[in-house]
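What follows is each chain in one-letter form.
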Amino acid sequence: MKLGIVGLPNVGKSTLFNSLTKAGAESANYPFCTIDPNVGIVPVPDKRLDELTKMYNSAKTTPAVIEFVDIAGLVKGASKGEGLGNQFLSNIRETDAIVHVVRCFDDSNVIHVDGSVDPIRDIETINIELIFADIEVLERRMAKTAKGANNNKALAKELELQKKMKAHLEESKLAITYETDDEDEIKWLKEYNLLTGKPVIFAANVSEDELADDAASNEYVAKVKAYAAEFGSEVFAVCAQIEQEISELDDDEKQMFLEDLGVSESGLDKLIKASYSLLGLISYLTSGEDETRAWTITKGTKAPQAAGKIHTDFERGFIKAEVVAYDALMESGSMLAAKEKGLVRQEGKEYVVQDGDVILFKFNV
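Residues numbered from 1 in each chain as written. Predicted model: local features only at pLDDT ≥ 70, side-chain atom pairs only at ≥ 80, totals over all residues. Heavy atoms only, no water.

Enquirer: Looking at this structure, I do not really get the pairing of strand S6 (residues 200-205). What am I missing?
Expert: Most of S6 sits inside the fold, with 6 of its 6 residues counted as buried. Where burial is concerned, the two faces of S6 agree: the one with Val200, Phe202 and Ala204 and the one with Ile201, Ala203 and Asn205 are both buried. One ladder, built from 6 bridges, connects strand S5 (residues 97-103) with S6; its direction is parallel. Across the sheet, residue Val99 finds its bridge partner in S6, namely Ile201. (Buried < 20%, exposed > 50% of the residue type's maximum accessible area, 1.4 Å probe, protein only. Helix = DSSP H or I, 4+ residues; strand = E, 2+ residues; numbered from the N terminus. Pairing = 2+ DSSP bridges.)

Enquirer: Would you explain a nonpolar patch on the surface in this entry?
Expert: Side chains of Val39, Ile41 and Val65 sit close together on the surface and give an oily, nonpolar patch of about 260 Å² of accessible area. Mapping Ile41 onto the fold places it in strand S2 (residues 38-43). (Patch = residues over 30% accessible without salt bridge, like charges linked within 9 Å, V, L, I, M, F, W, Y side chains within 5 Å. Areas by Shrake-Rupley, 256 points an atom, 1.4 Å probe, with all protein chains shown as cover. Salt bridge = Lys/Arg side-chain N within 4 Å of Asp/Glu carboxyl O.)

Enquirer: Would you take a moment to explain the pattern of salt bridges for this structure?
Expert: Side-chain pairs of opposite charge can arise whenever the charged atoms involved come near each other. The full count for this structure, using the stated rule, is 23 salt bridges. One salt bridge connects Lys166 with Glu170, and the closest N-O pair in it is separated by 2.9 Å. In this pair, Lys166 and Glu170 both sit in helix H5 (residues 153-170), 4 residues apart, roughly one turn of the helix. You can call Lys166 buried: its relative accessible area is 18%.

Enquirer: Would you mind going over the side chain of Thr62 with me for this structure?
Expert: Tracing the sequence through the fold places Thr62 in strand S3 (residues 60-62). Given a relative accessible area of 17%, Thr62 falls into the buried group. A polar side-chain atom of Thr62 sits 2.5 Å from a polar atom in the side chain of Glu291. Apart from residues no more than four positions distant in its own chain, Thr62 is found in contact with Leu49, Glu291, Thr292, Arg293 and Ala294. (Polar contact = N/O pair within 3.5 Å; in protein donor to acceptor, adjacent residues only side chain to side chain. Contact = heavy atoms within 4.5 Å.)

Below is the structure:
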């Protein structure tokens, strides 16, 4: 899973990226200090892997990972070359979703590029820049498609979609709000990879003292939640500064620190939960002496396609899947005991894999 982090300068974007990835992206109290896109790979915390590793005495444990791409703070006019321009937007075009960091705290010591805190205005400033970048992409595609559209029905239909989408964007509407049941249109829109067509998670950056009650009394956060609800987006409250402090601690200290703050989970945990929920993702697990591993798939994936995540041969030669639910396996104490209790099932090609399934695939190529 790949997530792109966007936001205006000085909203806590690079501070949050640093803490999530410990990648050490430069952050300072002035705009444009992040000049190159930063990329960080973060393992997805999953206690189930630790328990399976112990049970199987696995030589190696491989968690699922998230790749974060952080780009320089965007400002009004970025698509026309203001600030550092839109040269960075291409770096997030390949992401699965966008994490939009929004400032939801007042602090006269931290400069705001527009001179005041207004999260909805800030969100819309970024959205306009993303819309302009998408229009540019469409215009380039339209020029290409138009060349063959006269003699080709499929190209003529695609050109019509491109015109409709451009008009949609020109009304300041996001691509994600364009509704269609047409399979061709759905396929083409997927290929275009439009920035405003991506699902969004809003990270509402709040002050430390508002974190304990999940910023329930923060008016800025309430506005972001109302805005996000219109687009089916996820929102979570985070304090970037606290996240940075947490990132310096080991796991035990981290837990104690969070408890002292009255918080049950870190910003990274909240973000992972939000992104899995938004993108409809789950993890199934494989375990043995060599390796215990988590595999990320989309909800609704059938056994052969889930097997294909490991290797294409597994999908091609799929015979069956030996499946046990993680909780049932743990309660049984071993795979043998789970089998004796009849908790291990043999599933075929139509089986829809569930979150936490521990699976052994049987295949023949």
